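# Structural features, examined
Chain by chain, the residues run as shown.
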Amino acid sequence: MSVRDSAIKVFVDCPDFSNGCDIDFFRAEITFVNYTQNPQDADVHILITTQQTGGGGTAYTITLIGQHHFAGKADTLHYNAPPAAAADDARRGVKGVLELGLVGYAATTPLGDRLHVSYDAPHGAAAVVHDPWDYWVFQASVNGNLSGQQSVHFGSAFGNFSANRTTEQWKLNFSTYYNYNESDYKLPVYDTLGNQTGTQTLCSFSRGFGGNALIVKSVGRHWGVGAVGSLSNSTFSNQHLWVRAAPAVEYDIFPYSQSTRQLLTPHYEIGASRYRYYEPTLYGKTAQTLFDQSLTLAATVKQPWGSVNASVQGANYLYDFHKNHFTFFGGTSLNLYRGLSFQLSGNVSLQHDQLSIPLAGATAQEIILQQHQLASSFSYFMFFGFSFNFGSIFNNIVNYHFGSSGGGGMIMMM
């Protein structure tokens with residue numbers, strides 16, 4: 001039996017799949033532990049969860065949960081990656097914090113005599129941070145894509161700009177966007193004898209722009225009060241202009257400091273909206289002003305056994321409570337038993353408030369090309385699946401050979 005055989009066994013669990021959670025990198029760099037395939041075999045279950053910071057960075061919460069002879073022992077560590085941090089910088093930062101946390105467990109094993117601690121002492125006292133941007137973070141992007149073949153062509157463009165500022169007391173988010181999508185289809189045309197006489201081109205396009213604003217003031221460890229605002233234009237939704245403003249309040253059953261692991265929040269809004277439509281609606285409206293309210297209950301739990309996300313939202317227009325919608329969302333990833341896991345997610349929406357549907361309806365071409373929103377009393381989406389792995393419980397080896405195909409396609413020779 002080698003000394004390495006006596007090393008603690010760990011399982012690294014990254015439900016958020018962030019850049020800082022590079023398990024291959026951890027295996028290559030942290031070599032005084034053994035990595036297992038399944039959480040049930042581990043002495044320490046490492047749960048790494050993330051949350052975006054106000055400055056655009058990523059806050060990592062690294063929880064080490066003891067199992068077997070370490071049962072009852074747990075440690076929580078933190079690492080903050082700065083905005084626009086390179087993936088390598090993020091994973092090295094997480095690795096450094098993770099090493100420190102694992103030393104306390106490894107020190108009780110025969111490998112403890114082989115561990116050494118070093119410390120980089122600062123040259124002077126830490127200075128008070130002066131931020132010339134006053135915590136404001138700005139981001140702008142413009143992108144597009146083109147694809148097609150002889151008879152089909154697709155193109156799209158998208159741009160956005162955002163400005164955010166987050167402190168312990170305030171959260172300010174402002175954003176704006178523009179998108180354009182176009183598709184061209186060349187269809188053959190035949191005569192009565194079945195001979196092709198030419199082609200017909202069908203064109204489909206949609207465009208939209210908008211913006212969102214969020215202002216939140218923290219009130220204690222559980223409350224947040226503020227306001228939300230939205231503005232949008234959408235040919236798909238028959239909305240030439242939609243403007244909405246609403247005060248809002250939210251309460252977290254758990255302290256917000258625990259939000260990376262558990263969250264349970266009722267959120268209430270009451271606001272006013274102004275609509276202008278491209279075409280007269282089913283109700284004969286070309287413009288209208290309406291008052292509405294919504295209540296959302298959201299819950300998130302991330303534990304060694306898996307994660308669960310769920311929310312339910314109800315909303316209605318105040319002039320007619322029958323003009324409402326209810327949306328249910330749920331998602332879970334469960335570690336059932338030694339390599340067997342189950343994933344399920346989906347949503348169902350019961351909608352009775354589609355006020356912008358055009359009175360003229362949609363043509364068959366517009367339905368097929370999905371150019372306009374269609375009247376429907378419900379919508380749904382669901383995904384589910386099982387996965388199972390078995391074999392050796394250890395997972396220490398990293399081998400990068402033939403790890404990338406260089407982005408090319410597969411060439412088959414016959």
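Sequence order sets the numbering: in each chain, residues are counted from 1 along the sequence as written. Only residues with pLDDT of at least 70 get local features here, since the model is predicted, and only at 80 or more are side-chain atom pairs given and counted; chain-wide, interface and lining totals rely on the full set of residues. As a rule here, side-chain values cover all heavy atoms of the structure and leave hydrogens and water aside.

Two strands form a pair only when DSSP identifies at least two bridges running between them. The secondary structure listing takes helices from DSSP runs of H or I that are at least 4 residues long and strands from runs of E that are at least 2 residues long, numbered from the N terminus. Taken in spatial order, the twelve strands line up as E6-E7-E8-E9-E10-E11-E12-E13-E14-E15-E16-E17 in an open sheet, and their pairing is antiparallel. In this open sheet, the two edge strands, each paired with only one partner strand, are strand E6 (136-148) and strand E17 (378-388). Across the sheet, the mean angle from the axis of one strand to that of its neighbour is 10 degrees, orientation sign disregarded. Pairing of strand E8 (residues 170-190) with strand E9 (residues 196-219), which is carried by 21 bridges, proceeds in the antiparallel orientation. Bridge pairing in E9 places tyrosine 178 opposite phenylalanine 209. In this analysis, axes come from line fits to C-alpha atoms, helices being fitted only over the stretch in contact, and the angle between any two N-to-C directions falls in the range 0 to 180 degrees.

This next bit is on the confidence of the model for the protein. If pLDDT is low for a region, its predicted coordinates should not be looked at in detail. Known as pLDDT, the predictor's confidence for each residue is given on a scale from 0 to 100. With 86% of its residues at a pLDDT of 70 or more, the protein has an overall mean of 84. Two residues form a contact once any of their heavy atoms are found within 4.5 Å. Low pLDDT, under 50, characterises residues 405-414; the stretch is placed with zero contacts to residues that sit more than four places away or in other chains.

Any pair of cysteine sulfurs within 2.5 Å is marked as a disulfide. Under the criterion given, the structure shown has one disulfide. Between the sulfur atoms of cysteine 14 and its disulfide mate cysteine 21 the distance is 1.4 Å. Classification of cysteine 14 as buried rests on a relative accessible area of 9%. Burial here depends on accessible area, computed with a 1.4 Å probe over protein chains only, as a share of the maximum for the residue type. Under 20% is buried, over 50% is exposed, and the range in between is partly exposed.

Put simply, a nonpolar core is a bunch of buried Ala, Val, Leu, Ile, Met, Phe, Trp, Tyr and Cys residues held in one set by side-chain atoms that sit within 4.5 Å of each other. If you look at the biggest cluster of nonpolar residues, it comprises 29 residues, and the most contacted ones within it are Phe26, Ile46, Ile48 and Leu102. Counting only elements with at least two residues in this core, the list comes to strand E1 (9-13), helix H1 (23-29), strand E3 (44-52), strand E4 (58-66), strand E5 (74-81) and helix H2 (87-106). Counting residues per element, this core draws most heavily on H2, which supplies seven residues. Other than its neighbours up to four places away in sequence, phenylalanine 26 contacts Val12, Gly20, Cys21, Tyr35, Ile48, Arg91, Val94, Lys95 and Leu98. Counting residues in each nonpolar core, the second largest holds five residues, with Tyr275, Tyr277, Leu290 and Tyr317 among its members.

Taken in spatial order, the five strands make up an open sheet running E2-E1-E3-E4-E5, and their pairing is mixed. Whereas interior strands pair on both sides, the edge strands pair on one side only; in this sheet they are strand E2 (34-35) and E5. Pairing analysis gives four bridges linking E1 to E3, with the strands arranged parallel. Looking across to E3, one finds that aspartate 13 is bridged to leucine 47. In this fold H2 packs onto E1, E3, E4 and E5, with an angle of close to 160 degrees to the strand it touches most, E5.

Right, let's get into the packing of aromatic side chains. Stacked, edge-to-face and tilted are the three classes for Phe, Tyr and Trp ring pairs, Trp counted by its six-membered ring, which pair at centre distances within 6.5 Å; planes under 30 degrees apart are stacked, over 60 edge-to-face, the rest tilted. Applying the stated rule across the entire model yields 15 aromatic pairs. Here the aromatic rings of tryptophan 242 and tyrosine 275 are separated by 6.3 Å at their centres, their planes lie at 15 degrees, and the arrangement is stacked. Of the two residues, tryptophan 242 sits in strand E11 (residues 239-251) while tyrosine 275 sits in strand E12 (residues 262-277), which places them 33 residues apart along the sequence. Centroid distance tyrosine 317 to tyrosine 319: 6.4 Å. Interplanar angle 50 degrees. Geometry classified as tilted.

Below, the discussion takes up H2. Every helix has an expected span of 1.5 Å times one less than the residues it contains. The terminal C-alpha atoms of H2, which comprises 20 residues, lie 27 Å apart, in line with the 28 Å expected from a rise of 1.5 Å per residue. Lining the buried residues of H2 we find E1, H1, E3, E4 and E5.

With that settled, the discussion passes to the side chain of arginine 165. Mapped onto the fold, arginine 165 is located in strand E7 (residues 152-166). Identification of polar contacts relies on pairs of N or O atoms within 3.5 Å, with a donor-acceptor requirement for protein atoms, meaning one able to donate a hydrogen and the other able to accept it, and with residues adjacent in sequence counted only if both atoms are side-chain atoms. Looking at arginine 165, its side chain comes within polar contact range of the main-chain oxygen of aspartate 134, at 2.7 Å. The residues touching arginine 165, leaving out its near neighbours within four places in the chain, are Asp134, Tyr135, Trp136, Trp170, Lys171 and Leu172.

Together, Leu297, Val312, Phe326, Phe328, Val348, Leu350, Phe378 and Tyr380 make up an exposed nonpolar region whose accessible area comes to about 730 Å². Going through the elements one at a time, strand E15 (320-337), strand E16 (340-351) and E17 are the ones with two or more residues in the nonpolar patch. Position of phenylalanine 328 among the secondary structure elements: in strand E15. Note that patches include only residues with greater than 30% relative accessible area and no salt bridge, and the join distances are 9 Å for like charges and 5 Å for nonpolar side chains (Val, Leu, Ile, Met, Phe, Trp, Tyr). Note that accessible areas follow from Shrake-Rupley with a 1.4 Å probe, and for residues the cover is restricted to the protein chains shown. Counted as salt bridges are all cases of a side-chain nitrogen of Lys or Arg within 4 Å of a carboxyl oxygen of Asp or Glu.

This next bit is on the pattern of salt bridges. Counting across every chain of the model gives eight salt bridges. Measuring nitrogen to oxygen at the nearest pair gives 3.9 Å for the salt bridge that ties lysine 9 to aspartate 43. Taken together, the positions of lysine 9 in strand E1 and aspartate 43 in the loop between E2 and E3 put the pair 34 residues apart, joining distant regions of the chain. Aspartate 320 serves as the salt-bridge partner of lysine 323, at 3.2 Å between the closest nitrogen and oxygen. On the accessibility criterion, lysine 323 (14% relative accessible area) is buried.

By the element assignment, aspartate 353 lies in the loop between E16 and helix H3 (364-368). Counting rule applied: Lys, Arg positive; Asp, Glu negative; His and chain ends not counted. Look at aspartate 353: it is buried, it has no salt bridge, and the nearest opposite charge is lysine 323 at 9.8 Å. A distance of 2.8 Å separates polar atoms of two side chains, one belonging to aspartate 353 and the other to histidine 325. Look past the residues within four positions of aspartate 353 in its chain and what remains in contact with it is Tyr317, Lys323, Asn324 and His325.

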